[in-house]
Structures are given as structure tokens and as C-alpha cells.
Amino acid sequence: MARQSVLHFFPERIAWIGAGVLGVGFLFALPFIWTMNGLNSPSVMGRERKEKKIESAPYSFNLGLKGDAPGLSIPDFHGEMTFSFDPPRPDGMVDGNRLLVRMKSSGESKRVVLPCRLDLEFQGDRLGFAKGQSMFWIDLSLASGQIEGKGFITTLDGAKIDAGSFVVSGQDCPIQGAQEFGEGSPFRLLAEAKWWGRDQFRVTAESGERLEIGTLDLLEIHEGEWLVWKENRWEKSEKPEKDLPIARIQSAMPRGLILEGWGSEGHTRISLNSAVGPPFKMRGEDLFGSIRIRSEKQISCMLEKQCMVLKTGDWVLKTNSRWKILRKKDEKDAFLNGKLFGELFILEQISQKQGQKMIQGRLFNPGRTQVVSIEMPAQSARKMGDKGLKRGGRQ
């Protein structure tokens, strides 16, 4: 009743009350309206379009070398590559300004003749050689005996951007692995060879380095000699031959043999690791038993549970778990030529030390890459007789 009386007697207040209610509602709704307008504002929409445009940029390099173009990072192609000149062939053939360019990260290599254009591309996060013309390249040339490179990038609208330049000296030819040569390449076969080192059996005869190339017999090559690719195989030669792939020993170290060669693709260097297995640790007591002196030059013994009579100078070869004395000349020649393989023992002498008879010899491993000296005491006749008496007494 009171509210109705107020409205009845003061009708002009109705409009003021309505306006007040609308004003309060607008104040509560104002932040929400501002938020919605902000999402659709021109500045925000422009920023979103700019971000999408940056994300879809097709060429965005970031390898640490800053370029002149704003917002563009140029790749450090100088730091990603090595450059080496091909030395001339020893037979007098000169290939001119041939250059080997090699990627440090992938080992990929390519030969070019200066001056040239070298097209590049990114393969994932690595810099590599493009198969065709690309939008990023370097121009290589020779300047005062040094290699000069100038990098360029072509933008989507056709503009050419200077990507920097460098000048470097040519390095030594890098060591190349077998996988860097194409299938069927003579140097791929050579890089897959096994290096057996020097023949310890013939070391006094100025033996050379032995290479097992493919399925061929061992090739023994000395420093100064050549390997020549003929009729789909490597052969030894006293001198290089023109127009044919050639190779020679550059250096020999205990754990690696460095070969250098020349072929249709230019100069190359190959490293072969030693194929020799773990150290040969055979002991005399593991090999011999019951050694008896029969004469000044003859013994009887048990050689790994096999009864044998040996004379000084005998060669005893182990094949198929059996020991055999090589007495015939053709058998010894077969062993020397690598047609017979196995452990070899040579009984060199029977001596006496401090009143004790001793046998001395050398034991070679199957590859003849290692040798062990063997020295064992022989059992005297008195000791053998004493043992017999003791056994007879116990009986």
C-alpha cells in the first residue's frame, strides 16, 4: 500500500527510476563489450596476419651469420664447408683448378672446376648441395691462389640479396669413406679393403703392406709401388698408367694406412684400419707337453694332445684343428703365397741353459700379423726314469 501510494502521488519518479536501472546495467556490461571489440580490433587482426605471414616464410635461415637484409639470417656457408684442391697426377696429367667441396656435417662432397656457381639447399637442418638451380648459391673463383666465395639469395619477388663473401686457402684433401664413393667405383672397393700389415714371417725380407681387396688374394705393396685399376680389379705396378685409376701408399702408421689415388673424379685419400685382431697371447705351456730330447736336433712332444716328433727347422701348421709338419717344398710355397692358412710353429733350436735342455721357436697367428716367441724346458731322462720308478713302486 505504501509503494502504491508513492507511485500514485509521485508519477514523475517512474522515468527517473527506469533510467537509473538502465545505467547500472550498462556499467556492468561495459567491460564485456570492450573485450569483444578488442578481439576484432584492426591492430590485433593485423598482428595475427603478420605472425601467420612470418610463420609461412619459405626461406628462414638461422646458422649464426647475420646478413644485410632486415629480418633475414644468412647461413654460415664458410663454416659449414671445407675446400681442397686436387693435386696433379704423378704421371703429368693436370686437371686444372679442380676443387673438392665437402660438407662438414654430412660428409657429402662435390667436385667443381673454378670458376663456378654452387647451388645449395637445406636438407632438414643441414646444408647440402642442390640437384638443380636453387634460390641460394655461392659463386666460387680463384683469386691470387686462394678461394673466393660470394653468397647470394633470390627472394620470392625475384630480388637478389648479397649473402656475404669469404676468402680461404685450400686444405689437404679430406679422408673419404667407402660410402662417399658411388656403387661400382674402384675407390669404393679399395676403401672397403682389409689391411693386414706386414708379414711377420717374412719381415726380414723387406716385406710390404698386405691388402685384401674384395675376394682376391692378398696384394703386397711397398712404398713407391702403385696399384692400377685394370680389367675390373686392382693390380700392382711399378709406375702409374695414364687414363686409369691409380693409388699408392701415402703413409703407414701402427693403426692406419693412408692411401691416395687419382681417378676420373680427381684426387682422393682413403684410410684403412688395421684388420689385425686382439693380441696373440699363446703360452708355451698351453701348447706343449711331455717334451723329450731324442738327439741334439730332435725332440718328441705332445703338441695340443697330439704326439709328434720334430726336428729343428720344422714348420708345423695347424689346419682344421690338426697339426701337420710341412716337409715338402710345394707345401711351404703354398703357405708363403697365402694358399695355406693357420697357426704355424717353427722349431728353431735346442739349447742348454744352466744345465737344463730348452727348446726355442716362434709361433705365428693365422694372418702372420703377430708372432710369439716360445721357450720351454725339456724333461731329462733321469726325471723321466724317476717318475717311472715311483709309478712302479706304487704298483
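Residues numbered from 1 in each chain as written. Predicted model: local features only at pLDDT ≥ 70, side-chain atom pairs only at ≥ 80, totals over all residues. Heavy atoms only, no water.

Asker: How should I be thinking about the overall build of the protein in this particular structure?
Answerer: If you tally the helices and strands in the protein, you get 8 helices and 26 strands. Among the 395 residues that make up the protein, the fraction classed as buried is 35%. When the accessible surface of the protein is summed, it comes to about 24700 Å², and 52% of that surface belongs to carbon and sulfur atoms. (Helix = DSSP H or I, 4+ residues; strand = E, 2+ residues; numbered from the N terminus. Buried < 20%, exposed > 50% of the residue type's maximum accessible area, 1.4 Å probe, protein only. Areas by Shrake-Rupley, 256 points an atom, 1.4 Å probe, with all protein chains shown as cover.)

Asker: Quick question: what am I supposed to make of helix α7 (residues 329–336) here?
Answerer: Residues separated by three or four positions in an α-helix point in the same direction, a consequence of the helix having 3.6 residues per turn. Listed in full, the buried residues belonging to α7 are Glu 331, Ala 334 and Phe 335. Considered in projection along α7, the buried side chains sweep an arc of 100 degrees and stay on one side of the axis. What points out from α7, more than 90 degrees from its buried face, is the exposed set Lys 329 and Asp 330. Buried residues belonging to α7 abut β22 (315–319), β23 (322–326) and β24 (343–353). Positive phi appears at Gly 338, one or two residues downstream of α7, with a value of about 80 degrees. (Arc of directions from axis to C-beta. Contact = heavy atoms within 4.5 Å.)

Asker: What exactly am I supposed to notice about the confidence of the model for the protein here?
Answerer: For residues with low pLDDT, the predicted coordinates do not support detailed interpretation. Looking at the protein, the pLDDT average stands at 79 and 74% of residues meet or exceed 70. Scored below 50 in pLDDT, residues 382–395 makes 4 contacts in the model with residues more than four places away or belonging to other chains. (pLDDT = per-residue confidence, 0-100.)

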